[in-house]
Amino acid sequence: MKTILTGIRPTGNLHVGHFFGAVQNWKSLQGQYEFYLEIADVQALTDHFHDPEMVRKNVYELTIDLLSCGINPSQVTFFIQSKIPEIAELTVFYSNLVTMSRLYRNPTIKTEISQKKAIFGEKGESVTYGFVGYPVSQAADITAFSGELVPVGEDQLPLLEQCREIVRKFNSIYGDTLIEPSHLLTTTPRVKGLDGAEKMGKSLGNAIFLNDSEDVISKKIMGAVTDTKKIKKDDPADPEVCMVYYYHKLMKNENLETVCQECRQGKRGCVACKRELIEKMLAFLKPIQEKQAYFHEHPEEVEKILEEGTNKASLKAKDTMIRVRKSMKIDY
Ligand code: TRP
Ligand code: SF4
């Protein structure tokens with residue numbers, strides 16, 4: 001079985017965009033690979049070092065959300081990044097193999113720095129050493145577990161390329177030691193926001209969270225962007241420019257054809273159309289929310305899953321470290 005490694009930052013609850021963009025893909029891979037799923041708390045701290053409480057709380061919240069979506073802990077090894085010190089150790093060794101200019105040229109880092117500048121202004125102090133270096137730490141995440149395949153979205157590809165370069169450099173200097181990983185590109189395209197934005201995101205305020213209440217979901221969907229040219233209930237409209245229709249499609253509404261035709265013919269009011277979507281969304285979220293409630297009532301089960309997974313991951317990372325130390329002639 002090939003080894004898969006992926007990670008996710010514990011900075012908030014999962015939303016519908018995460019489900020259709022990433023989690024669904026992970027579900028289709030589980031059972032076919034040796035699958036490591038990292039709860040990347042150290043990486044979350046590169047951005048949120050001032051808010052440790054938030055990160056800690058979300059390690060558990062995120063694990064509960066992933067379990068509730070159907071990620072199966074008997075097929076997927078959940079582990080907490082900070083509990084594997086070998087990752088930090090590898091990060092230090094890899095730091096010598098990457099130049100500062102290469103890090104600044106990394107497109108993911110470049111985009112994230114310009115986003116930070118947009119928030120904090122031009123002040124250089126908002127960009128820390130840890131932040132610019134997180135691709136190095138992510139290369140350590142992957143290689144510590146000899147990850148061969150990394151399922152990621154397109155925005156993460158430059159990080160994987162950086163990892164490959166580090167592996168090649170390491171192997172050329174110290175001898176063949178590390179496995180060069182390949183990406184497994186997520187097939188689902190990015191999920192759009194309720195406001196029509198290209199991406200559903202927590203900070204964008206356009207997301208439906210998996211743990212939103214019925215009331216909140218209703219309000220959010222009622223506020224979704226529809227065809228702006230439709231004023232009256234029986235005006236014909238174009239479903240292709242309407243976010244409500246987009247979500248009917250995403251939720252695989254079995255009456256999609258009818259929704260589309262009725263909308264085009266002016267036989268469907270937006271309020272009724274939104275109500276129908278609310279019903280579908282609630283039905284989709286119900287089993288997930290029941291599991292979330294179950295795990296909140298049984299925190300010991302969540303802790304056990306994290307502990308057992310972390311123990312298993314730790315053995316694998318220790319094994320890698322023995323080989324790395326030997327190659328680097330620091331196996332005292
Ligand atoms: N950077 C990834 C994100 O923000 C999370 C992550 C951490 C990751 N470690 C990883 C992804 C290793 C793939 C492999 O979504
Ligand atoms: Fe969108 Fe439905 Fe209104 Fe058509 S009827 S514009 S699909 S909400």
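Residues numbered from 1 in each chain as written. Chains lettered and ligands numbered in written order. Predicted model: local features only at pLDDT ≥ 70, side-chain atom pairs only at ≥ 80, totals over all residues. Heavy atoms only, no water.

Draft legend 1. Geometry of the overall build of the chain. Within the chain one finds 14 helices and 5 strands. Here the C-alpha atoms of the chain give a radius of gyration of 22 Å, agreeing with the 20 Å that 2.2 N^0.38 yields for 332 residues. Considering only C-alpha atoms, the chain reaches an extent of 80 × 45 × 35 Å along its principal axes. Considering only contacts in the chain between residues 6 or more positions apart, those separated by 24 or more positions represent 76%. Between the mean site of the 43 positive side-chain charges and the mean site of the 45 negative ones, the chain shows a separation of 4 Å. (Helix = DSSP H or I, 4+ residues; strand = E, 2+ residues; numbered from the N terminus. Rg over C-alpha atoms; globule rule 2.2 N^0.38 Å. Contact = heavy atoms within 4.5 Å. Lys, Arg positive; Asp, Glu negative; His and termini not counted. Charge placed at Lys NZ, Arg CZ, Asp CG, Glu CD.)

Draft legend 2. Fine view of the packing of aromatic side chains. Summed over all chains, the structure comprises 11 aromatic pairs. On the basis of an interplanar angle of 75° and a centroid distance of 5.1 Å, the ring pair of Phe19 and Phe20 is categorised as edge-to-face. Classification of Phe19 as buried rests on a relative accessible area of 6%. Judged by its relative accessible area of 6%, Phe20 is buried. Geometrically, the ring pair formed by Tyr94 and Phe170 is edge-to-face, given 6.1 Å between the ring centres and 80° between the ring planes. In this pair, Tyr94 is assigned in helix α4 (residues 85-95) and Phe170 in helix α9 (residues 157-174), connecting sequence segments 76 residues apart. (Phe/Tyr/Trp six-rings, centres within 6.5 Å; stacked < 30°, edge-to-face > 60°. Buried < 20%, exposed > 50% of the residue type's maximum accessible area, 1.4 Å probe, protein only.)

Draft legend 3. Focus on helix α2 (residues 41-48). For α2, the complete set of buried residues consists of Asp41, Gln43, Ala44 and Thr46. In this fold, the buried residues of α2 make contact with β2 (34-39), α3 (52-68), β3 (76-80), α7 (129-132) and α8 (134-144).

Draft legend 4. Structural detail: the side chain of Lys274. The residue Lys274 is located in helix α13 (residues 270-297) in this model. Despite its burial, Lys274 pairs with no opposite charge; the closest candidate is Asp227, at 12 Å N-O. Separated by 2.8 Å, the side chain of Lys274 and the backbone oxygen of Met222 make a polar contact. Not counting residues up to four positions away in its chain, the partners in contact with Lys274 are Ile221, Met222, Ala224, Thr226 and Val244. (Salt bridge = Lys/Arg side-chain N within 4 Å of Asp/Glu carboxyl O. Polar contact = N/O pair within 3.5 Å; in protein donor to acceptor, adjacent residues only side chain to side chain.)

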